[in-house]
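Coordinates in review
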Amino acid sequence: MKKPAIFSFLLSLSGLALASKSFDEKPYTLSTSLSDAPMYTLVGITDWGADILRVYGITTLVLVFVFLTVALPTLYALWRFRAKGNETELPKQFTGNHVMELIWTILPVMLLFIIAIPTWEVIFKQSNRAGDPNNFQVKVIGHQWWWEFQYPDLGITTANELHLPENTPIDFTITSDDVIHSFYVPRFGGKIDAIPGVTNHIYLTTPKVMVPHKLGGDFYQGHCLELCGQSHALMRFEAFVHTKQEFDVWAKNAMNPPQVLSAQEKRGEAVFSQCQACHTIAGTDSAKIPGKKMGPDLTNFGNRRYLGATTRENTLDNMHLWIKNSSQIKPGSRMTSFEGILSDQQIEDVASYVRISTAKKL
Ligand code: CUA
């Protein structure tokens, strides 16, 4: 798609601004091609995104029509009836014209219907997909400040990385564990609130994998879009769209228990007993503790690209910083600071256990 040069220029400026140093170590990767930009909404790559875009298109045409029918006569009248300096009285007043009154009542009502009908159509199309047995179920739970993703049919629980098979109808069931968040993958279409005690749905068909050779599937940035507290700006996730085979490999391995190989990982495994009230790693004692846990499931943590809901790269150094004092990376983080509770050695051990033992060979 041909794009105006000014857009590329603005995009590169915003890229520079975002790449500047902050507590957020991971700058957004901004593609030089506008239509590939991570939060670009003007290409409907899912059916839902295309529907929304169509309604936007109709709305924009109506708005342009309204603007022109108001602005052009106004400009003409300003020029045609401008004061020439010799006026002695008010111009002839215009009131009580029933034909004009009818026109400017009926016309806006018609314009509203032109917008409303396709909008209703999209809303009904969404709700018609409820309960479709072909839907692939994904449960989305917002937490301050991270995202939990559950695949009830596959028995998978993960966090901050949403893995999806390509070209598949998905039923996202969206809710929250604490305050109101908003689930949004800009390139997929719209957003919807994650509200505690309420279940919202998004139905969409995932796009086809566009770059099949890219390791780990195509990825799309997601973000919380409802101000939800101190680290709202850092409440991000990544959505990965895989080929069906690649997704099956991911799903098959996602809940495999950790492989504890080195002596350091073994020591870390012992330290992890202090973490299991809040975190679960499938196949370990931590999974035997009943009830809901505060922190993300770490079963496949080793395969995640980032930590802290996509705030920093998933490296041992960043893990160390995170365990020591996660609120340095994510202000207001609910995780206890382990500085003074665990020794540096213990932090290193548990970091290597959580990060290395949980990495699945896909
Ligand atoms: Cu969660 Cu903003």
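So, a few notes on the structure that sits alongside this text.

**Points about helix α8 (residues 344-357)**
Owing to its 3.6 residues per turn, the α-helix aligns residues three or four sequence positions apart on the same side. The end-to-end C-alpha distance of α8 is 19 Å, a good match for the 20 Å that 14 residues give at a rise of 1.5 Å each. Here the buried face of α8 lies against α5 (263-271) and α6 (316-324).

**Re the pattern of salt bridges**
Applying the stated criterion to the full structure yields 8 salt bridges. One salt-bridge network, in which partners are shared between bridges, spans D51, R54 and K125.

**Observations regarding the sheet that holds strand β3 (residues 156-159)**
Overall, mixed pairing links the 5 strands, which are arranged β3-β2-β1-β5-β8 in an open sheet. Edge positions in the open sheet fall to β3 and β8 (200-205), since each of these has one partner strand only. Here the strands of the sheet are splayed against their neighbours by 20° on average, with no regard to which way each runs. In terms of strand pairing, strand β5 (residues 169-176) meets β8 through 6 bridges, oriented antiparallel. When the sheet's bridge partners are listed, I170 is paired in β8 with L204. Together, β1 (136-143), β2 (146-151) and β3 form the strand contacts of helix α4 (residues 244-254), whose direction differs from that of β3 by roughly 100°.

**Here we look at the packing of helix α2 (residues 47-80) against helix α3 (residues 98-128)**
Between α2 and α3, whose axes approach to 10 Å, the crossing angle comes to 175°. Taken together, the axis directions place α2 and α3 in an arrangement best described as roughly antiparallel. Across the interface between the two elements, W48, D51, R54, V55, I58, T59, V62, F65 and V66 of α2 pack against L107, L111, I114, I115, P118, T119, E121, V122, K125 and Q126 of α3. A class-by-class count of the residues in the contact of α2 with α3 yields 12 nonpolar, 3 polar and 4 charged.

**Side note on unusual backbone geometry**
With an omega dihedral of 0°, the bond running from Q144 to W145 counts as a cis peptide bond. For W145, the position within the fold is in the loop between β1 and β2. The backbone of N167 shows a phi angle near 50°, a positive value even though the residue is not glycine. Counting through the fold element by element, N167 comes out in the loop between β4 (161-165) and β5.

**So, the sheet that holds β4**
Read across the sheet, 5 strands follow the order β4-β10-β9-β6-β7 without closing on themselves; strand pairing throughout is mixed. The two strands at the open ends of the sheet, each matched to only one other strand, are β4 and β7 (191-194). Averaged over all pairs of adjacent strands, the angle between strand axes in this sheet comes to 25°, irrespective of strand direction. Packing against the sheet, α4 makes contact with β4 and β10 (236-242), and its axis sits at approximately 135° to β4.

**Concerning α5**
All of the buried residues in α5 are E265, G268 and V271. Within α5, the buried residues cover an arc of 105° as seen down the axis, which keeps them to one side. In α5, the exposed positions angled more than 90 degrees off the buried face are occupied by A263 and A270.

The rules behind the values
- Residues numbered from 1 in each chain as written.
- Predicted model: local features only at pLDDT ≥ 70, side-chain atom pairs only at ≥ 80, totals over all residues.
- Heavy atoms only, no water.
- Helix = DSSP H or I, 4+ residues; strand = E, 2+ residues; numbered from the N terminus.
- Expected span 1.5 Å × (residues − 1).
- Contact = heavy atoms within 4.5 Å.
- Salt bridge = Lys/Arg side-chain N within 4 Å of Asp/Glu carboxyl O.
- Pairing = 2+ DSSP bridges.
- Axes fitted to C-alpha atoms, helices over the stretch in contact; angles between N-to-C directions.
- Parallel < 35°, antiparallel > 145°, perpendicular 65-115°, else oblique.
- Nonpolar A, V, L, I, M, F, W, Y, C, P; charged D, E, K, R; others polar.
- Buried < 20%, exposed > 50% of the residue type's maximum accessible area, 1.4 Å probe, protein only.
- Arc of directions from axis to C-beta.

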